[in-house]
Amino acid sequence: MIYYEDLLTVPYKTNGRSMDGMDCYGLVLECSRRNGNPLNDILKPGETRVNAAKIETPEAGDIATFLEKGHFHIVFYLAKDTVIHMTRYGVRVSCALDVERKNNYMAMRIEKNDSSVL
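This write-up is about the structure you can find in this document. (Residues numbered from 1 in each chain as written. Predicted model: local features only at pLDDT ≥ 70, side-chain atom pairs only at ≥ 80, totals over all residues. Heavy atoms only, no water.)

### A few points about the overall build of the protein chain
Move 1: In terms of regular secondary structure, the protein chain is built from 2 helices and 8 strands.
Move 2: Reading the protein chain from its N end, one meets helices and strands in the order β-β-α-β-β-β-β-β-α-β.
Move 3: The C-alpha atoms of the protein chain give a radius of gyration of 13 Å, which matches the 13 Å a tight globule of 118 residues would have.
Move 4: Across its three principal axes, the protein chain shows a C-alpha extent of roughly 35 × 30 × 30 Å.
Move 5: Relative to its 118 residues, the protein chain shows a buried fraction of 44%.
Move 6: Put simply, 51% of the contacts in the protein chain that link residues at least 6 apart link residues at least 24 apart. (Helix = DSSP H or I, 4+ residues; strand = E, 2+ residues; numbered from the N terminus. Rg over C-alpha atoms; globule rule 2.2 N^0.38 Å. Buried < 20%, exposed > 50% of the residue type's maximum accessible area, 1.4 Å probe, protein only. Contact = heavy atoms within 4.5 Å.)

### Observations regarding unusual backbone geometry
Move 1: Although it is not a glycine, K69 sits at a positive phi angle of roughly 55 degrees.
Move 2: Counting through the fold element by element, K69 comes out in the loop between β4 (63-68) and β5 (71-79).
Move 3: On the accessibility criterion, K69 (78% relative accessible area) is exposed.
Move 4: Positive phi outside glycine occurs at N104, with the angle close to 60 degrees.

### Focus on the pairing of strand β6 (residues 82-87)
Move 1: Across 3 bridges, the pairing between β5 and β6 is antiparallel. Bridged to Y77 within β6 is V83.
Move 2: Hairpin connection of β5 to β6: 2 residues between the antiparallel strands.
Move 3: By the bridge criterion, 6 bridges tie β6 to strand β7 (residues 90-95) in an arrangement that is antiparallel. Counted as the bridge partner of M86 is V91 from β7.
Move 4: Following β6, the chain reverses through 2 residues before pairing antiparallel with β7. (Pairing = 2+ DSSP bridges.)

### Some words on the environment of A52
Move 1: Structurally, A52 is set in strand β3 (residues 52-55).
Move 2: In this structure A52 comes out as buried when scored by relative accessible area, which is 1%.
Move 3: Along the backbone, A52 and I42 are 10 residues apart, and their C-alpha atoms lie at a distance of 12 Å.

### Examining the sheet that holds β6
Move 1: The sheet built from 6 strands is open, its strands ordered β3-β8-β4-β5-β6-β7 with antiparallel pairing. Pairing within the sheet leaves two strands with one partner each, and these edge strands are β3 and β7. Going from strand to strand, the sheet's axes swing by 35 degrees on average, the running direction of each strand aside. (Axes fitted to C-alpha atoms, helices over the stretch in contact; angles between N-to-C directions.)

Next up, the structure:
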């Protein structure tokens, strides 16, 4: 499992990519970097494709997307049954089952190449 305790105090910030503030994708970028398998930042020119492939059974290090109240959301799996994610109120660690029941849920595994399902 990656070290994430210092992320628990990071506030929400639209398009944030630092410890001063992150959005949900910024948090997933940081977690995937710490996990040794970095993800492209879709806000950077030339990195608009996400290097992830759809999977059926997520494990630690995988990501998942879904719709929450009409908004796209992305989470990072800390373990098979635990995810870390950013909310408007800050970083939360939650039961994976809570997100796996969301609308349009899709789990993905980060790959080293630039193939994309997003």
